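Observations on the three-dimensional arrangement
Spelled out from the first residue to the last, the chains are:
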Amino acid sequence: MKVSEVFCMNGGFGDNSYASNSLLQRKVISMTKAITEEAVTGVYSNIYPKTVCIADLGCSSGPNALFVVTEVMRTVDKIRKRLNHQSSPEFQIYLNDLPGNDFNSIFQSLPRVQEEIKEEMGSEFGPCFFNGVPGSFYGRLFPTRSLHFVHSSSSLMWLSQVSNVVEMNKENIYMASTSPPSVIQAYYEQFQKDFSTFLKCRSEELVSGGRMVLTILGRKNDDPTSKECCYIWDLLAMALKQMVSEGLVEEEKLYSFNIPEYTPSPLEVKGEVEKEASFIINCLKVSEINWAECGDKFASSNSFKDDGYNVAKCMRSVAEPLLISHFGESIMDKLFHKYGEILSYCMSKEELKFVNVTISVTKKE
């Protein structure tokens, strides 16, 4: 499976869209705000560029797509005023995701966002230039030494491909305690290859002293099959197995499907950065967020009353295009209904959390 051809978040603004079900990812971005502000402060205070070039990689669509870059611009403007710089820098903003991403919804919201920024910051702010950059971040995307700040959140755990070895991973759709060691090793090696390539490409695109803040869905545990990173997919596999037993999904279809994701530990992230050797590590932090944070506790809508339902909707907005490409569209409603029921039961028994690994780095001189 060539992931870049089939993988994207659900577009638009409908009930199953990423735009309507990405509250948890926004909360994760907010949790790393202080790290991002420190990185942006460092790069602007040291370089004072006339044009600040910012790239958000894996931007997806919906409100999160412009959330990070507007926060970065606010931070730069705050520093500029603190330093008594009279003129504002220009901003060149690059929003990147795979070609199947719903860039149209981002562009449609741009006039409103630009107007809000101008109103908030004042007439002396900017100007700002926005560009969509379709393509895999496991390759070059920008000219040499053209970027000052790179951000990516909830994206780098996705792999460019799944090794053929995973065909031995029958009944599992991801790494699990029952997966053969060769499958677990294949996932890890693919992560190493992809993340190393990502770092090499960004090292060529960032200016000396440029900064990156990367937040990756990961794990604290050394075991890559631990519950904290694999349970969410184990429960989806359970729903698929139920559909196999009901004759709604072919067994061979289940056996040949694997999620192209690897959730690294902090040591694995650190190890790859040190091995690639283009960056200085400024900080490496681990954070946790409850699965239940997928929903808005203060929303009046009935759709936010069941935690399992909310998690299922969040996962559907992320994984549905990938599942459709393999299983077809007709089973999706039933699959995610079953998944929601399983999630609700498990979440009623214990508190479950996602783990995020955040690393801030500076491009070496």
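Residues numbered from 1 in each chain as written. Predicted model: local features only at pLDDT ≥ 70, side-chain atom pairs only at ≥ 80, totals over all residues. Heavy atoms only, no water.

**A short note on helix α10 (residues 307-327)**
The end-to-end C-alpha distance of α10, which contains 21 residues, comes to just 26 Å, noticeably less than the 30 Å that a straight helix rising 1.5 Å per residue would cover. Within α10, the axis deviates most sharply at Ala 319, by approximately 60°, and proline Pro 321 lies no more than four positions further along. Remark: Gly 328 follows α10 within two positions and exhibits a positive phi of approximately 90°. (Helix = DSSP H or I, 4+ residues; strand = E, 2+ residues; numbered from the N terminus. Expected span 1.5 Å × (residues − 1). Bend = angle between axes of the 7 residues up to and from the residue.)

**Let's talk about the pairing of strand β7 (residues 353-363)**
Among the eleven residues in β7, ten count as buried, and that is most of the element. Inspection of the sheet shows strand β5 (residues 206-218) paired to β7 by eight bridges, in the antiparallel sense. Paired with Thr 215 across the strands is Thr 358, a residue of β7. Sheet topology note: the strand β6 (residues 279-290)/β7 ladder contains eleven bridges and is antiparallel. Residue pairing for β7: Phe 279 is matched across the bridge by Lys 363. (Buried < 20%, exposed > 50% of the residue type's maximum accessible area, 1.4 Å probe, protein only. Pairing = 2+ DSSP bridges.)

**Some details on the confidence of the model for the chain**
It should be kept in mind that the predicted coordinates are not to be read in detail where pLDDT is low. In this model, the chain carries a mean pLDDT of 91, and residues with pLDDT of at least 70 account for 96%. No element of the chain has a lower mean pLDDT than helix α1 (residues 3-6), which averages 71, and none a higher one than helix α9 (residues 266-276), which averages 98. (pLDDT = per-residue confidence, 0-100.)

**Here we look at helix α2 (residues 23-31)**
Turning to α2, its buried residues number three or more, namely Leu 24, Gln 25, Val 28 and Ile 29. The arc enclosing the buried residues of α2, seen along the axis, measures out at 145°, which places them on a common side. (Arc of directions from axis to C-beta.)

**Observations concerning the packing of aromatic side chains**
For the coordinates displayed, the defined rule picks out 16 aromatic pairs. Relative to Tyr 48, the ring of Tyr 44 has its centre 5.9 Å away and its plane inclined at 85°; by these criteria the two rings are edge-to-face. Under the relative-accessibility criterion, Tyr 44 is labelled buried at 4%. A residue is classified by how much of its surface remains accessible, and Tyr 48, at 41% relative accessible area, is partly exposed. Each ring, one from Tyr 174 and one from Tyr 187, has its centre 5.5 Å from the other, and the planes form 75°; the classification is edge-to-face. Of the two residues, Tyr 174 is situated in the loop between β4 (147-153) and α6 (181-205) and Tyr 187 in helix α6; the sequence distance between them amounts to 13 residues. (Phe/Tyr/Trp six-rings, centres within 6.5 Å; stacked < 30°, edge-to-face > 60°.)

**Looking at the sheet that holds strand β2 (residues 90-97)**
Pairing is mixed across the open sheet formed by seven strands, whose spatial order is β3-β2-β1-β4-β5-β7-β6. Looking along the sheet, the strands with just one partner apiece sit at the ends: β3 (128-134) and β6. Each adjacent strand pair in this sheet contributes to an overall mean axis angle of 15°, direction not counted. Of the strand pairs in this sheet, β2 and β3 are connected by seven bridges, and their pairing is parallel. Its bridge partner lying in β3, Asn 96 is registered against Val 133. Contacts from helix α5 (residues 103-121) reach β2 and β3 within the one sheet, and its direction differs from that of β3 by about 170°. On the sheet, α9 packs against β5, β6 and β7 and is oriented at approximately 160° with respect to β6. (Axes fitted to C-alpha atoms, helices over the stretch in contact; angles between N-to-C directions. Contact = heavy atoms within 4.5 Å.)

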